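Inside the fold
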Amino acid sequence: NAFKTFPGPACELKAVSFLDFSFNSLKKVDEAIGNMVGLEHLRLDNNKLKELPSSFGRLPTLSRLNARHNELTDLKGALAGCTALTDLDLRNNKLPKVPPEMGGLTNLIRLALSHNSLNSLPSEMGELRKLRDFGIVGNHIKVPNQQVLEAGMDFVLEYLYSMGQAEEVGGE
């Protein structure tokens, strides 16, 4: 396959639950993908995507998204409404930060962010209480510090959660 753009007509297939557009040359996903309300598993890995469409937030049943090995530089709130996500793979992109709204994806069990350009993790990620697999190797994370990161995923999440609680108290 050599798709360069995600074909708009495919977005009218509301009952499709699995879609694989991996290993193409996709540079853009049509905003109409938000119409695919039955979509549960989407593979967009190994393409040339720089961003994800904001319409992803209209996918109420999307539980697995694989967008690894792309050129993503900003999520721009694209995942904010994807509350059914349990498995999110964004490895090997160019993401400089994790957006705070990632903390709203409270059903996440697996989050793969390894080999990006991350230098910090937002306190909102402390809300990801169901997370069991959290990959962040290959980044240059300074916040939380290395000592916290080496203590393990549960400790990192607890640390981020307490940072968020401190921010709330300080902001009142």
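It should be noted that the structure appears before, not after, this text.
Summary of the structure given here. (Residues numbered from 1 in each chain as written. Predicted model: local features only at pLDDT ≥ 70, side-chain atom pairs only at ≥ 80, totals over all residues. Heavy atoms only, no water.)

Focus: the overall build of the protein
Put simply, the rule is: What counts as a helix is a DSSP run of H or I of at least four residues, what counts as a strand is a run of E of at least two, and both are numbered from the N terminus. We take the radius of gyration over the C-alpha atoms and set the globule estimate at 2.2 Å times the residue count to the 0.38 power. Throughout, exposure labels follow a simple rule: accessible area from a 1.4 Å probe, protein chains only, divided by the maximum for the residue type, with under 20% read as buried, over 50% as exposed, and the rest as partly exposed. Here, two residues are considered to be in contact whenever any of their heavy atoms come within 4.5 Å of each other. For the area figures, the Shrake-Rupley method with a 1.4 Å probe applies, and any residue is considered shielded solely by the protein chains shown.
Secondary structure summary: the protein contains 2 helices and 6 strands in total. Traced from its N-terminal end to its C-terminal end, the protein shows the element sequence β-β-β-β-β-β-α-α. What you see for the protein is a C-alpha radius of gyration of 16 Å, in line with the 16 Å of a compact globule of 172 residues. Projected onto its principal axes, the C-alpha coordinates of the protein cover approximately 50 × 30 × 25 Å. Evaluated residue by residue, the protein yields a buried proportion of 44% over its 172 residues. For the protein, restricting intrachain contacts to residue pairs at least 6 apart in sequence, the fraction spanning at least 24 positions comes to 26%. With an accessible surface of roughly 8,400 Å², the protein has 53% of that area assigned to carbon and sulfur atoms.

Quick look at the nonpolar core
The condition that has to hold: Buried residues of nine kinds, namely Ala, Val, Leu, Ile, Met, Phe, Trp, Tyr and Cys, make up a nonpolar core once their side-chain atoms join them within 4.5 Å.
Counting 48 residues, the largest nonpolar core has Leu44, Phe56 and Leu79 as its most contacted members. Among the secondary structure elements, those contributing two or more residues to this core are α1 (146–150) and α2 (153–171). Per element, the largest residue contribution to this core is 4 residues, and it comes from α2. Residues contacting Phe56, with those up to four places away along its chain left out, are Val29, Ile33, Leu42, Leu44, Leu65, Ala78, Leu79 and Cys82.

So, the pattern of salt bridges
We apply this condition: Salt bridges are defined by distance alone: a side-chain nitrogen of Lys or Arg within 4 Å of a carboxyl oxygen of Asp or Glu.
Counted by the stated rule, this structure contains 12 salt bridges. Close ionic contact of Glu51 with Lys76 constitutes a salt bridge, the shortest N to O distance being 3.0 Å. Pair noted here: Glu51 is in the loop between β2 (41–43) and β3 (64–66) and Lys76 is in the loop between β3 and β4 (87–89), with a separation of 25 residues, a long-range link. Glu51 sits in the partly exposed class, given a relative accessible area of 39%. Across the pair Arg64 and Asp87 runs a salt bridge, and its minimum N-O distance is 3.5 Å.

Considerations on unusual backbone geometry
Going from Val143 to Pro144, the amide bond is cis rather than trans, its omega being 0°. Looking at the element boundaries, Pro144 is found in the loop between β6 (133–135) and α1. Phi angles above zero are rare outside glycine, and Phe23 is one such case at about 55°. Mapping Phe23 onto the fold places it in the loop between β1 (18–20) and β2. Even without a glycine there, the phi angle at Asn92 is positive, about 55°.

Description of the side chain of His41
When you line up the elements, His41 lands in strand β2. Note on His41: relative accessible area 17%, which makes it buried. Excluding residues within four positions of it along the chain, His41 makes contact with Ser17, Phe18, Leu19, Leu62 and Arg64.

Side note on the environment of Asp20
The test is simple: By the criterion applied in these results, polar contacts are pairs of N or O atoms within 3.5 Å in which, for protein atoms, one can donate a hydrogen and the other can accept it, and in which residues neighboring in sequence qualify only through two side-chain atoms.
Tracing the sequence through the fold places Asp20 in strand β1. Here the alpha-carbon distance between Asp20 and Leu44, two residues 24 residues apart in the chain, equals 6.6 Å. Here the side chain of Asp20 touches Ser22 through a polar contact of 2.4 Å, side chain to side chain.

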